[in-house]
Amino acid sequence: MSRNTKQVPKEEIIKQLETCDIVRQLLAKKPKERKALVDTYGCQQNEADSEQICGMLSQMGYGFTDNVEEADLVLLNTCAIREHAEQRVFGNVGALVHSKRRNKDKIICVCGCMPQQEYVTEKIKRSYPHVDLVFGTHKLWQFPSLLLSVLQNKKRVFAIEDEGGRVAEGLPVLRKFSYKASVPIVNGCNNFCTYCIVPYVRGRERSREIEDIVREVKDLVNGGCREITLLGQNVNSYGKDLEKAKDFSDLLIALAQLDGDFLIRFMTSHPKDASDKLFAVMEQYPNKIAPQLHLPVQSGSTRVLTAMNRGYTREKYLELIRQVRARIPDITLTSDIIVGFPGETQEEFEETLSLIELVEFEALFTFVFSARKGTPAEHFEDPMPIVQKKENFQRLLDVQNEISERKHAEYIGKTLRCLVDQIDEKGNVIARTPGGRRVHLEKDCGKLGEFVDVSITNASKWSLFGVIQK
Ligand code: SAH
Ligand code: SF4
Ligand code: F3S
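Residues numbered from 1 in each chain as written. Chains lettered and ligands numbered in written order. Predicted model: local features only at pLDDT ≥ 70, side-chain atom pairs only at ≥ 80, totals over all residues. Heavy atoms only, no water.

Draft legend 1. How the structure looks around the site of ligand 1. Around ligand 1, 15 residues are found, and the nearest of them are Gln233, Pro296, Gln298, Asp336 and Ser370. Interatomic distance of 3.1 Å between a side-chain N/O atom of Arg82 and an oxygen atom of ligand 1. In this structure, Asp336 approaches ligand 1 through a side-chain N or O atom, which is 2.6 Å from an oxygen atom. When ligand 1 sits alone it has 550 Å² of accessible area, and the protein chains cover 90% of it. At the level of secondary structure, the elements contributing two or more residues to the shell around ligand 1 comprise β13 (332-339) and β14 (363-368). (Near = heavy atom within 4 Å. Polar contact = N/O pair within 3.5 Å; in protein donor to acceptor, adjacent residues only side chain to side chain. Areas by Shrake-Rupley, 256 points an atom, 1.4 Å probe, with all protein chains shown as cover. Helix = DSSP H or I, 4+ residues; strand = E, 2+ residues; numbered from the N terminus.)

Printed below as a string of structure tokens:
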């Protein structure tokens with residue numbers, strides 16, 4: 001398929017930008033500035049989408065607020081990854097009915113991954129009549145015209161067609177931070193892990209052109225951005241759908257060669273497609289590419305991995321870990337684990353425990369399996385009682401906590417170049433190590449977005465503590 005059929009034509013993007021002006025003029029007639037509240041759930045991809053939504057809202061003349069009562073427009077950008085995530089959103093959408101009663105003109109939008117599933121949209125149509133606008137991930141770039149239609153016609157709008165996926169370049173972005181940014185490089189997913197909803201709600205993989213990404217990163221760096229996180233459900237398959245033969249390593253090299261003092265991170269790497277070629281590039285550019293790898297393993301049992309359709313074995317995974325550590329010995333490794341996948345036996349769970357003890361990740365993101373409608377695993381036999389799954393989950397946490405504590409203790413006495421990442425109203429400061437771990441610094445030291453040399457003085461299972469070296 002030619003690239004052009006996948007990229008939204010420029011004229012259509014221009015039309016959306018013109019629609020922003022029409023909305024702006026419409027709102028200018030109102031007595032006071034209109035305000036929007038954007039509530040984001042889920043992964044960094046959704047956070048990045050929300051920055052585009054905020055970019056479009058700002059272009060349409062909206063200001064922003066955290067206060068629901070004050071908001072003229074409330075938008076929930078939703079996540080469908082686990083049942084719990086969806087229940088939270090439904091609860092919050094339901095609660096908005098009161099606020100809508102108090103202000104009939106308030107516009108309520110639900111977008112993102114959830115409405116891309118038919119049953120969700122049907123439920124909103126039926127049970128949440130106070131929701132005015134529902135659109136899926138494929139329609140994000142059409143937000144201005146969808147909103148205009150709601151404003152003009154005062155009728156509910158549902159736009160959830162699945163276009164399979166296109167790339168929309170040139171939309172405005174309102175970034176939350178000036179010193180760090182996320183840059184999506186490939187949208188969607190082709191992997192169809194049997195438990196996962198993402199391929200159904202995000203469409204097929206489509207990569208952005210390398211030139212578009214390089215231009216965006218260059219502009220960010222020139223604007224003072226110090227940390228850039230490249231995003232994709234499987235960054236290692238970047239470029240496979242492009243006409244020009246470019247892969248993720250080519251992209252990393254192009255970015256690492258840009259001038260400036262900045263660090264590149266990326267997530268998520270898929271063990272099926274990660275390779276020593278990638279690790280070699282990371283080794284080659286230690287000052288530009290962070291020594292960090294989030295490599296979700298999901299399970300330590302090859303049988304379970306096969307049932308999950310992950311495309312690698314326990315041995316292949318351990319070999320990848322050996323390769324990356326051979327090249328970058330102090331790399332920060334993290335992973336995701338699903339406990340209680342349907343049919344996982346107690347022995348197979350023990351294999352997961354043994355894998356995490358072998359690898360010694362610095363941190364894990366752990367989840368109990370949650371059946372998602374429309375995925376193959378929804379119908380797999382699942383004999384293990386939930387109490388047993390929860391017990392296993394707790395055991396996994398306990399084992400990992402011990403490992404994290406041990407790994408963190410190894411930092412004590414080291415000096416690392418860290419980026420000051422957060423300063424709260426009480427003056428508490430948090431910086432990030434090159435590998436992405438959090439370091440608590442002394443109060444009122446360092447400037448947000450500044451690189452500082454930090455001596456690590458203490459550590460716990462959750463985080464590190466340090467002082468800035470003058
Ligand atoms: N693309 C990434 C993961 C994105 S989802 C990858 O392949 O690694 C983030 C994590 O959520 C997954 O790694 C998995 O551990 C977890 N997850 C996804 N679907 C799930 C489900 N149905 N139940 C429980 N955990 C799930
Ligand atoms: Fe989901 Fe698998 Fe795709 Fe990750 S790679 S988003 S887990 S289907
Ligand atoms: Fe959730 Fe969609 Fe991300 S389902 S995890 S927000 S891609």
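There's plenty left to go through after this.
Draft legend 2. Representation of the site of ligand 2 in the model. Every residue close to ligand 2 is listed here: Cys189, Asn191, Phe192, Cys193, Tyr195, Cys196, Val198, Pro199, Gln233, His270 and Arg310. For the shell around ligand 2, the class distribution of residues is seven nonpolar, three polar and one charged. (Nonpolar A, V, L, I, M, F, W, Y, C, P; charged D, E, K, R; others polar.)

Draft legend 3. Seen up close, helix α8 (residues 248-256). Burial in α8 covers these residues: Phe248, Ser249, Leu251, Leu252, Leu255 and Ala256. Relative to the axis of α8, the buried residues are bounded by an arc of 160 degrees and lie together on one face. Residues of α8 that are buried sit in contact with α7 (210-222), β10 (227-231), β11 (263-267) and α9 (276-284). One side-chain oxygen of the residue at the start of α8 lies 3.1 Å from the amide nitrogen of Ser249, identifying that residue as Asp247. (Buried < 20%, exposed > 50% of the residue type's maximum accessible area, 1.4 Å probe, protein only. Arc of directions from axis to C-beta. Contact = heavy atoms within 4.5 Å.)

Draft legend 4. Just the pattern of salt bridges, in detail. Summed over the entire model, instances satisfying the criterion amount to 34 salt bridges. One salt bridge connects Arg395 with Glu350, and the closest N-O pair in it is separated by 3.0 Å. Of this pair, Arg395 sits in helix α13 (residues 386-409) while Glu350 sits in helix α12 (residues 346-359), and the two are 45 residues apart along the sequence. Its relative accessible area of 33% is what places Arg395 among the partly exposed residues. Of the charged contacts, one joins Arg406 and Glu360 as a salt bridge, the two residues approaching to 2.6 Å between their closest N and O atoms. (Salt bridge = Lys/Arg side-chain N within 4 Å of Asp/Glu carboxyl O.)

Draft legend 5. Representation of the packing of α7 against α8 within the structure. Taken N-terminus to C-terminus, the directions of α7 and α8 make an angle of 30 degrees; their axes are 10 Å apart at the nearest point. Classified by the angle between their axes, α7 and α8 sit roughly parallel to one another. When you trace α7 past α8, the crossing you get is right-handed. Taken together, the residues of α8 that come into contact with α7 (itself represented by Ile210, Ile213, Val214 and Val217) are Asp250, Leu251, Ala254 and Leu255. Partitioned by chemical class, the residues of the contact of α7 with α8 number seven nonpolar, no polar and one charged. (Axes fitted to C-alpha atoms, helices over the stretch in contact; angles between N-to-C directions. Parallel < 35°, antiparallel > 145°, perpendicular 65-115°, else oblique. Left-handed = near helix turned anticlockwise from the far one by under 90°.)

Draft legend 6. Just the domain arrangement of the protein chain, in detail. Domain annotation of the protein chain identifies domain 1 (6-166), domain 2 (177-290), domain 3 (291-410) and domain 4 (415-468). With 25 residues of domain 2 at the interface, the matching set in domain 3 holds 31 residues. Considering only the surface of domain 2 that becomes buried against domain 3, Thr194, Tyr195 and Pro271 emerge as the three largest contributors, covering 33% of it. On inspection of domain 2 and its partner domain 3, the count reaches two salt bridges. (Domains from an automatic or database assignment. Buried area = accessible area lost by both parts, 1.4 Å probe.)

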